[in-house]
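# Fold and geometry: a report
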Amino acid sequence: MTPTPARVPDLRVRRLTTTLYGYAFLEECVLLYPVYALLFSDTGLTVWQISSLFALWSITGVALEVPSGAWADAVSRRLLLWLGPLLTAAGFALWVLLPSYGAFAVGFVLWGAGGALGSGALEALVHDELQRLDAADRYARVMGRARAAGLVAVMAAMGLAGPVLAWGGHTAVGAASVLACLLAAAVATRFPEHRSPAAGHDSWTAALRAGLAEARADRSVRGALLLVPAVSAVWGALDEYTPLLVRDTGVADGTVPWLLLLIWAGATAGSLLAGEGERLGTTGLAALLAGAGLALAAGSAAGTPAGLALVALAFGGFQAATVLADARLQRRIGGTGRATLTSVAGLGTEVATVAVFGGYAAIASGNAHGTVFAVCAVPYLATAALLLAGSGAGAARARP
């Protein structure tokens, strides 16, 4: 039986999305995530040494974010998507085979490089393939589900890490993490890709120049680029402090992981609902950000376990808005530098996140964590106001 013409694109979309969801899950199903700080401490590293490793990881990501995006526009994006997990796997293997400060440092460089290779390349490949199949309108829904798969994987890793660590120690946890990365690389080879990489010895620099030129020439692209870090940086940084926020509510330490799962569940729900949010438009996105910001402020300032339900609701709103901001950027990119510009947005997010870390430390030195979380809602209210102002100005220009 020959598939009907309408059926063929659906089958191809299904192949793309199935591969994407599997890749997103395996990339985040890393059992080392919740326990690698313990590995560093057990090896004898000081707090300053551990902090320097985190800094090295961030610097690597910032340095390679935009160059890797330009490379993804110049060569096969699928190539970068399977090469990235292999670099990460090599880094994790070093950690457990040669546990030492030097091995940890090299591992973080490899992990940072692997993450940078996939940043921009994944979004660009998925959008272009959906566009080729006349399904670009599904992008937000598809990417929302992919991010939900990644969040579910993180929660699964959190649940499995303890038993595996008790059974086989750091070696077993590391082996499981390496295996997950290798499986992610294998799955990446199944991504469809129907684009011709740029030709010529200067294709990398040409891709970089083309992407940046589009951002300079198109105001709407610049606005979409700025919106991505404005939406994703603050709550992405706050995620690192949620255990401290939860503990400040007065619950026992053994209860903290369960309440963290509540917050993660909120973010996962936001990912799954992101596709429905595409119909909101600019005004709706502003309302979503404002509502999530108010929920964050109220829930965190309450200082009670019940208030964490509002924090979970806020994180769900922020996660949905993050997906929608990415979809907004992809819609506005019209040239060949899609991965480059997506990586520029990623770079902005990384830099803004580091700034939030610094601001959090400064405010938290004399205030409770709930107070700091409430203060961090202000940037979202400001972003919502700017979106509304921009929407109003655009409507005024459109009137004769």
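Not measured: the values here are computed from a predicted model.

Reading the values: the criteria
Residues numbered from 1 in each chain as written. Predicted model: local features only at pLDDT ≥ 70, side-chain atom pairs only at ≥ 80, totals over all residues. Heavy atoms only, no water. Helix = DSSP H or I, 4+ residues; strand = E, 2+ residues; numbered from the N terminus. Rg over C-alpha atoms; globule rule 2.2 N^0.38 Å. Buried < 20%, exposed > 50% of the residue type's maximum accessible area, 1.4 Å probe, protein only. Contact = heavy atoms within 4.5 Å. Areas by Shrake-Rupley, 256 points an atom, 1.4 Å probe, with all protein chains shown as cover. Lys, Arg positive; Asp, Glu negative; His and termini not counted. Charge placed at Lys NZ, Arg CZ, Asp CG, Glu CD. Core = buried A, V, L, I, M, F, W, Y, C linked by side-chain atoms within 4.5 Å. Salt bridge = Lys/Arg side-chain N within 4 Å of Asp/Glu carboxyl O. pLDDT = per-residue confidence, 0-100.

The next thing to look at is the overall build of the protein. A tally of helices and strands in the protein yields 16 helices and zero strands. Relative to a compact globule of 400 residues, whose C-alpha radius of gyration would be 21 Å, the protein shows 21 Å and is just as compact. Projected onto its principal axes, the C-alpha coordinates of the protein cover approximately 60 × 50 × 45 Å. The 400 residues of the protein split such that 46% are buried. Considering only contacts in the protein between residues 6 or more positions apart, those separated by 24 or more positions represent 83%. Accessible area for the protein stands at about 17500 Å²; split by element, carbon and sulfur atoms hold 67% of it. Mean positive and mean negative side-chain charge positions of the protein (25 and 23 charges, respectively) differ by 9 Å.

Another aspect to go through is unusual backbone geometry. Even without glycine at this site, Asp-134 takes up a positive phi of about 55°. Topologically, Asp-134 is positioned in the loop between helix H6 (121-132) and helix H7 (139-188). Using a relative accessible area of 73% as the deciding quantity, one classes Asp-134 as exposed.

Let us now look at the nonpolar core. One recurring pattern in soluble globular proteins: nonpolar side chains tend to sit buried together. Core analysis: the largest hydrophobic core is formed by 81 residues, its most contacted members being Phe-191, Leu-296, Phe-315 and Phe-318. No other element matches helix H13 (residues 308-332), which puts 12 residues into this core. With residues up to four places along the chain from it excluded, the contact list for Phe-191 reads Leu-16, Thr-19, Leu-20, Tyr-23, Arg-78, Leu-81, Leu-122 and Leu-125. Judged by nonpolar contacts, the second largest core, of 22 residues, contains Val-30, Tyr-36, Leu-45 and Phe-104.

Evaluated as defined, the whole model comprises six salt bridges. Between Asp-128 and Arg-77 there is a salt bridge; the shortest N-O distance is 2.6 Å. With a gap of 51 residues between them, Asp-128 in helix H6 and Arg-77 in helix H4 (residues 77-97) connect regions that are remote in the sequence. Here the residues in one salt-bridge network are Asp-73, Arg-77, Asp-128 and Arg-338, joined through shared partners.

Before going further, it helps to spend a moment on the confidence of the model for the protein. Per-residue confidence for the protein averages 87 on the pLDDT scale, and 90% of its residues sit at or above 70. Contacts for the low-pLDDT stretch residues 395-399, under 50 throughout, to residues beyond four places or in other chains number zero contacts.

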